[in-house]
Structures are given as structure tokens and as C-alpha cells.
Amino acid sequence: MVGLLAGCTASGASVSPPPGLADRGTAVTTAKPTRQDLTNKVSLGGKVALNPTFGLVAPIDGEVRFLDVKASTGTPTKPTKVANIWAGGKATAVEVPAGAVFAGRLVDDRVKVTAGMPIVSARQAGYGIVADIDGAQAYQVTDSLQSVTAQIKSGPGPFPCTVLGTLAALPGGTIPEPKAPAANTNPSAAPVVQPTQGQTQEPSEATGMRLVCTGPADAKLINGAAATVEIVTAKASGVLVLPVEAVAGSQGKGKVEVVKADQSREIREVTLGLTDGKVIEIKTGITEDETVAIPGPSIPDAKSGGQGAGK
């Protein structure tokens, strides 16, 4: 009997592990979910700019009707009404805030617009901080902005930075030619005063997707100085988290590889939440008592049909 057993094991045939188990000798790194406070932050590179352009959006769905806006001869101290959005027989005003001037129409007059669509450009009078946003960051920073902080390289900061307008990319603005004055048919009437050259308006140029914000009045800024802008998009307290390396997927849905007590494994779908780049919130799918493998499972590449990292 001993010889028979020896003969069977000496044949060199490999014995496959039971399904769901790691191969013999495989090193397994694992982690358990923990609870902690989490802040979702995005850091952007930017610079100080003089008279930066920003966009204003339609507050509601409706038809935009622009007003004729006279060229400003100074820095406005009050909001400037530039358009109305008409819906259900009611008008909702669109105003350029105090401290900024009208810089162009971004859509045609009397077209249908939707809430959140950029329709007007404005130009801040004075310094602002402009930070470019790439496509991968777009939905992170546009969904929610809880706070924005800026730091000037080798200069002032960090300090709170107030966001101006929308973060969307803007087309070039247009400013219609002023209407010609009506003919003066009354010889005794006062002559019509024509606008001077100093009252002409320059329409805004197209911009990429970016954030424009302004710092406190006592912050000394220099045009062109490099800056870092940190955006806090969300905060959560006492949430369940895992290292990002343990999770495959993003945008709310993912997968983890649960390692059971007998070392068998199970691919589990999880619902994802906030991330700070090191850990990621797990809303549903696993409990604090379970263990997951690191790295997380691979997911198929949609183009090749093969296996991809998925993280």
C-alpha cells in the first residue's frame, strides 16, 4: 500500500487546488475594512491672472432673452442685469456680479437653454486665480464644491478662494453692435451723444475647462505667479474604507476579492463612495468582519476581451 501511494505521488502530475482557492505557494496580502473620517480633495495647478474671464449659467430651463448692456466706464459696484430666462410666463434674471463686467453672450438670443448651461461670460476686475481642469477631474470637481483653498508658490496662503461662475469650458463671447440712434427730427431737441472709444466692449475669448476664484483683499498677488488650488468636494464621518489597491472599478461601482476562512475566494460587487487617493469608501457589499485580497480583482478589458487592472 505504501508503494502504491508513493508511485502515485511520484508520477509528477500536478494536483490542481480546489476551485476558489489560491494556487499552492501563492503569497496573499489581505486587508480588513476599517472606519475613519474621509475628505475627498482635488488639487489643481494654477496661476494668478489679471481680469480673468468666467461664465454664468442659466438658473432654470427656458428661453433666454438678452438685454442691451452698455459698456462699463468703471468697476461696477452693483450687479449688472444682462438677461432674463423666460419660463411659464415668468422671467428669472441673470446678473453679472458686482466687481465684474459683461464680456459676451455665449448663446444666441431667444434660444432654449437648460439650467446649468453657460450663457454669459463676465470679466473680473482685478486679480483672480485660474486653475485648469482636465477631463479626468471634470466630474469630481463639478458635482460639489464644499470649499476651495489657494496657496501662492513662495507667496501668500493658504487662504479661502471664492469661486466665480461655472467651471465649464466657454465658447468665445459675442457682443452685438449697439443699435443706431433714432434720427433726430426735432431741431430743438438736444443732440444724441455717441459712445466714445473708451466705452467699447471687447468680447471674451474661448476658454478651456477651468476654475476661477478670488482671494481676500489683503492677499498680495502678482500677475502670472504660480498657485495651487485645493478643492474639497465632499466629507464623510466614520465610513467603512479599504485601500484603493483592494478595489477594482470607480464611479460608484466596483469589485473586491473576499478571502474566506478556508482561504477560498469570492468576487464581490461593492458600492463605492468618497476617496482621498489612499483609501476608498465602501458603502455596501462587505462588512467589517470580512477580509479582502490585495491587489483587487482584475476586470475584463472591453476592447480586447482580456483581463485588465480596472483600477
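Scroll up to find the structure this text is about.
Residues numbered from 1 in each chain as written. Predicted model: local features only at pLDDT ≥ 70, side-chain atom pairs only at ≥ 80, totals over all residues. Heavy atoms only, no water.

Re the side chain of Thr-214
Tracing the sequence through the fold places Thr-214 in strand β14 (residues 210-214). Setting aside anything within four residues of it in sequence, one finds Thr-214 in contact with Gln-124, Tyr-127, Gly-128, Pro-160, Cys-161, Thr-162 and Leu-164. (Helix = DSSP H or I, 4+ residues; strand = E, 2+ residues; numbered from the N terminus. Contact = heavy atoms within 4.5 Å.)

Some remarks on the sheet that holds strand β7 (residues 100-105)
Across the sheet, which stays open at both edges, the 3 strands sit in the order β3-β9-β7 with antiparallel pairing between neighbours. One side of each edge strand has no neighbouring strand; the edge strands of this open sheet are β3 (53-57) and β7. Each neighbouring strand pair of the sheet contributes to a mean axis angle of 35 degrees, computed without reference to strand direction. In this sheet, strand β9 (residues 118-124) lies alongside β3 in antiparallel orientation, the contact comprising 5 bridges. Paired with Gly-55 across the two strands is Ser-121, which belongs to β9. (Pairing = 2+ DSSP bridges. Axes fitted to C-alpha atoms, helices over the stretch in contact; angles between N-to-C directions.)

Here we look at the nonpolar core
Counting 22 residues, the largest nonpolar core has Val-64, Val-82, Val-96, Ile-119 and Val-120 as the members making the most contacts within it. Going through the elements one at a time, β3, β4 (62-66), β5 (80-87), β6 (90-96), β7 and β9 are the ones with two or more residues in this core. In this view, Val-82 contacts Phe-66, Leu-67, Val-69, Val-94, Val-96, Phe-102 and Val-120; residues no more than four positions away in its chain are not counted. By size, the runner-up hydrophobic cluster in this structure holds 21 residues, among which are Ile-129, Ile-133, Cys-213 and Ala-225. (Core = buried A, V, L, I, M, F, W, Y, C linked by side-chain atoms within 4.5 Å. Buried < 20%, exposed > 50% of the residue type's maximum accessible area, 1.4 Å probe, protein only.)

Details of empty space enclosed by the protein
Scanning all chains against the criterion turns up 1 cavity of 30 Å³ or more. Roughly 40 Å³ of volume is contained in the largest cavity. Thr-53, Phe-54, Gly-55, Thr-166, Ala-168, Leu-170, Thr-207, Gly-208, Arg-210 and Val-212 together form the lining of the largest cavity. Broken down by secondary-structure element, the contributors of at least two residues to the lining of the largest cavity are β3 and β14. (1 Å grid on protein atoms, 1.4 Å probe; cavity = no way out; pocket = protein on both sides within 12 Å on 5 of 7 lines; lining within 4 Å. Points joined across faces, edges and corners; volume = space filled by probe spheres on them.)

A closer look at the environment of Pro-171
Checked against the element boundaries, Pro-171 lands in the loop between β13 (162-163) and β14. As a C-alpha pair, Pro-171 and Leu-106 span 65 residues in sequence and 6.3 Å in three-dimensional space. Every residue in contact with Pro-171, bar those within four places of it in the chain, is listed here: Leu-106, Glu-205 and Ala-206.

Notes on the sheet that holds β4
Strands sit in the order β6-β5-β4-β8 across an open sheet of 4 strands; the sheet is antiparallel. Since the sheet does not close on itself, it has two edges, and those belong to β6 and β8 (112-113), each with one partner. Pairing of β4 with β5, which is carried by 4 bridges, proceeds in the antiparallel orientation. What sits directly across from Arg-65, in β5, is Asn-84.

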